[in-house]
Amino acid sequence: MRTDLLLRNARIRTLAGADHSGTASSLAVWGGRVLAVDEDVEAERVVDLDGAVVVPGLHDAHQHLAWFGLTLGELDLRVRDLDALYAAVAERAASTPDGWIVGAGYDENKLGGHPTREGLERVAPGRRVWLKHASGHLCVVSGAVLRELGLDERPRDVVGGRVSVDADGRPDGRLEEQAQQLLGALVLPYPLDTLVDAIERGGRVSLSQGVTSVVEAGIGGGWIGRSPVELLAYQRAREAGRLPLRVELMVAADVLRPLDAHPDDDLGLGLDLGLRTGLGDDRLRIGPVKVFSDGSLIGHTCALTEEFADTPGESGYLQDDADALRARILGAHRSGWRVATHAIGDAAIDLVLDAYEEAQRRWPRPDPRHRIEHFGVARADQVARCAALGVVPVPQGRFVGEIGEGMLRALGPTRVPWAYRGRSLLDAGCILPGSSDRPVVDGAPLRGMHDLVNRRTDAGTPFAPEEALSGLEALVAFTVGSARASHQEHERGTLEPGRLADLVVLGDDPVTCDPGAIAEIPVLATYLGGEEVFRA
Ligand SMILES: [Zn+2]
């Protein structure tokens, strides 16, 4: 028989088999799927890879595609200190005489402090300025914005968030967590055209880094959403040939509401028409519902059982009343949603594990694979519980490198071994996906794999090195692990007959190369469904 494409003379890691040690030297593609490995077949097109390494397409289990794409057009605030940040704002103010000045990616741990409204007034007097923290969990706005929001006269409390004030009780510009939603009145919704542009831009960068599948960790509402009709942006992008890769969309829990279905249907929370997890196809589908239980570790807003090491008296907070969070998780589970709850602090993780356990006890479902996004600071008993309940932890390897120094300070030596685990999750028998949380940190998956293996901050400090993975385990996380976390292991993650023909051609083998060089492995080409979609 004659097939579409034959890749030959390659070092292919198929990742097949129980220990994922499968390899091959040729691979045939037909109709967008793997037809055969190591079989002599005739093909329309034959590509000789000259001994290059091939791995399954990389799959980022938690990132923010549209947010990343938008960021690519915003002021880059990953600068060395506050002076450099203010200089960048001043320059943007001078070059754009009106409209918003929007920047992203600042981290006070690196700058030495948060920017303030006074500082912004000095460099961009009277302008609307909006600077987003790297974590996405807080932002700083200028006095003009605070006045427009009516916050100057009356700083108000927000459930699950905070309008930060100075010693005189006057807002200092910082809006934390749910308080960021106040900004919505001025900046939301984004037009669909803007979102389609961002999705395409972010997707193209992802392909160039070997990413063929992503999970977008929250659309449609809450502080994470950009438009109530955000799904339509993805649909339009796809129709226009501008959706570069495979996307699973998490739906922000704020969007779910009680449904007027028949009482026998036992539907608690849902979307109109009964849309829920699983609808769609292998290019675009609805994934889990995204619930936020707490905030960020480096932003000191995640909910810990004990205080932060560097800010005594503070232990973070939940994003909502505990009972309301539990009710949201139970309601979504009961209605058939897969639930993905953001939980970073161990107090938040306790709450989420309790809720998942209760949900399964009261309304059992086969293999629901609920997830805990980040699973940032997890005690050993929580690891064991996660495994016993079949809950999928979704930690981010790259956090160790990029924001590890801030995490070391926030946690202190006794709790660092709990942070962004790897090895102990595998040993406990958990599914371990690979993810970045892009644009919170660099989303190149080879960088993420590098940090999973090396466990060092970018400054070189060892970070719980006992949690290190092998090169093969890190590769399996970003392929098989992510596929399993999305309940898609029958479709992707390995290169076996019948699976989607998504693959990456690399300049070296992350399994056998020097562990210190994984991040620098060049991506030579990316194939999606057997089509070449990127070439270096
Ligand atoms: Zn995220």
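This text gives an overview of the structure that appears in the document. (Residues numbered from 1 in each chain as written. Predicted model: local features only at pLDDT ≥ 70, side-chain atom pairs only at ≥ 80, totals over all residues.)

**Here's the deal with the sheet that holds strand S3 (residues 23-24)**
Defined as follows: A pair of strands is treated as paired once DSSP finds two or more bridges between them. A run of H or I in DSSP becomes a helix once it reaches four residues, and a run of E becomes a strand once it reaches two; helices and strands are each numbered from the N terminus.
Across the sheet, which stays open at both edges, the six strands sit in the order S3-S2-S7-S23-S24-S25 with mixed pairing between neighbours. Of all the strands in the sheet, the pair left with one neighbour each is S3 and strand S25 (531-535). Pairing between strand S23 (residues 503-506) and strand S24 (residues 523-528): four bridges, direction antiparallel. Bridged to Leu503 within S24 is Tyr527.

**A word on the environment of Leu207**
Applicable threshold: The contact criterion used is a C-beta to C-beta distance within 7 Å, with each C-beta placed from the backbone.
Inspection of the secondary structure assignment puts Leu207 in helix H7 (residues 192-208). Expressed as a C-alpha distance, the spacing of Leu207 and Leu528, which sit 321 residues apart in the sequence, is 9.0 Å. When residues no more than four places from it in sequence are discounted, the contact partners of Leu207 are Pro244, Leu245, Thr526, Val533 and Phe534.

**Considerations on the sheet that holds strand S6 (residues 42-48)**
Here is the rule: Interaxial angles span 0 to 180 degrees and are taken between N-to-C directions of axes, which are lines fitted to C-alpha atoms, for helices over the stretch in contact.
On the basis of which strands lie adjacent, the open sheet formed by four strands has the order S5-S4-S1-S6 and mixed pairing. The sheet terminates laterally at strand S5 (33-37) and S6, the two strands that pair on one side only. Adjacent strand axes in the sheet meet at a mean angle of 30 degrees when their direction is disregarded. Of the pairings in the sheet, the one linking strand S1 (residues 2-8) to S6 comprises six bridges and is parallel in character. Paired with Leu5 across the bridge in S6 is Arg45.

**Quick look at the nonpolar core**
Note the following rule: By convention the nonpolar core is taken to be a set of buried residues drawn from Ala, Val, Leu, Ile, Met, Phe, Trp, Tyr and Cys and joined through C-beta atoms within 7 Å. Burial is judged by counting other C-beta atoms within 10 Å of a residue's own C-beta: 20 or more means buried, 12 or fewer means exposed, and anything between counts as partly exposed, with every C-beta placed from the backbone.
Counting residues in hydrophobic clusters, the biggest one holds 162 residues, and the most contacted among them are Val54, Val129, Ile199, Val289, Ala348 and Val352. Looking at which element gives the most residues to this core, the answer is helix H10 (residues 346-362), with nine residues. With near-sequence residues (within four places) excluded, Val352 lies in contact with Ser293, Thr341, Ala343 and Ile372.

So yeah, pure geometry; function would need other evidence.
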